[in-house]
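Chain by chain, the residues:
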Amino acid sequence: MEQRDGEAVVANIHYGGEYEGQLREAQSRGECPLCKQIREDPKIIVEHTLHWYVKRNPYPPYAGEPPHREGDTRPRAAQAFLIIPFQCITDTHQLLPEDWLEVLQLFSQLRGQEGVRGGGLALRFGDPVLSGRTILHLHFHVIVPPPHPEHLDAVLPVWFPIG
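Residues numbered from 1 in each chain as written. Predicted model: local features only at pLDDT ≥ 70, side-chain atom pairs only at ≥ 80, totals over all residues. Heavy atoms only, no water.

Focus on the environment of histidine 141
Here histidine 141 is to be found in strand E5 (residues 140–144). When the C-alpha atoms of histidine 141 and isoleucine 84 are compared, they prove to be 9.0 Å apart, with 57 residues separating the residues in sequence. Ignoring sequence-local partners within four residues, the contact set of histidine 141 consists of Asn57, Phe81, Leu82, Gly120, Leu121, Ala122, Arg124 and Phe160. Within the structure, histidine 141 has its side chain in polar contact with the side chain of histidine 139 (distance 3.3 Å). (Helix = DSSP H or I, 4+ residues; strand = E, 2+ residues; numbered from the N terminus. Contact = heavy atoms within 4.5 Å. Polar contact = N/O pair within 3.5 Å; in protein donor to acceptor, adjacent residues only side chain to side chain.)

Section: the packing of aromatic side chains
The relation between two aromatic rings is expressed through the spacing of the ring centres and the mutual angle of the planes. As enumerated under the stated definition, the model contains three aromatic pairs in all. With a centroid separation of 4.9 Å and 35° between ring planes, the pair formed by tyrosine 53 and phenylalanine 86 is classed as tilted. Here phenylalanine 86 lies in the loop between strand E3 (79–85) and helix H3 (97–113) and tyrosine 53 lies in strand E2 (residues 52–56), a separation of 33 residues in the sequence. Arranged with centres 5.9 Å apart and planes meeting at 85°, the rings of tryptophan 100 and phenylalanine 140 form a pair that is edge-to-face. Of this pair, tryptophan 100 sits in helix H3 while phenylalanine 140 sits in strand E5, and the two are 40 residues apart along the sequence. Aromatic ring contacts, followed pair by pair, group Trp52, Trp100 and Phe140 into a single cluster. Above the plane of the ring of tyrosine 62 lies arginine 76, whose end atom (NZ or CZ) is 4.0 Å from the centre. Seen from the ring of phenylalanine 160, arginine 124 lies directly overhead, with NZ or CZ sitting 3.8 Å from the centre. (Phe/Tyr/Trp six-rings, centres within 6.5 Å; stacked < 30°, edge-to-face > 60°. Lys NZ or Arg CZ within 6 Å of the ring centre and 35° of its normal.)

Re the nonpolar core
With 16 residues, the main nonpolar core has Trp52, Val54, Phe81, Ile83, Phe140 and Val142 as its most contacted residues. Among the secondary structure elements, those contributing two or more residues to this core are E2, E3, H3 and E5. Looking at which element gives the most residues to this core, the answer is H3, with four residues. Setting aside chain neighbours within four positions, we find valine 54 in contact with Ile44, Ile45, Val46, Glu47, Phe81, Leu82, Ile83, Leu106 and Leu110. Counting 13 residues, the second largest nonpolar core, distinct from the first, contains Val9, Cys32, Tyr53 and Ile84. (Core = buried A, V, L, I, M, F, W, Y, C linked by side-chain atoms within 4.5 Å. Buried < 20%, exposed > 50% of the residue type's maximum accessible area, 1.4 Å probe, protein only.)

Quick word on the sheet that holds E3
In spatial order, the strands read E1-E2-E3-E5-E4; together these five strands make up an open sheet with antiparallel pairing. Edge positions in the sheet fall to strand E1 (45–48) and strand E4 (120–123), since each of these pairs with one other strand and no more. Geometrically, the sheet is characterised by an average inter-axis angle of 25° between neighbouring strands, direction not taken into account. As paired strands, E1 and E2 are joined by three bridges and run antiparallel to one another. (Pairing = 2+ DSSP bridges. Axes fitted to C-alpha atoms, helices over the stretch in contact; angles between N-to-C directions.)

In structure tokens, the structure reads:
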């Protein structure tokens, strides 16, 4: 689905580095970065259903407290995936019951096929000021925290801002 002229495709552009550059480019072109990625490189798909797909998050969240800037050496999430609708849906009110079932199916497949033993499933929605989302194309995050470097039975908390 193409974005309409002048319609925002990204928000909260303040991360720095390559990610911020990609967000700024997407905004200047008025082109959703997730729609562009899947159109240009369908090989990024890890798993899919009829209306949704999974890809690895190229920018896994950092462990520890913000701020995070280019060159940050803190560990990132051990695993990070995005569950994304093929259609450029921008809010939860556009989802149908079948969408929730497909997301659950993909999440279950990730747990088995990618060895996701635990972590978090997150969704930012609605007003970007309140949700903190950067890409307005609705998507779920599957995040597995990194192991603690000194304690074998612990992990490092991952920073995933909401707001």
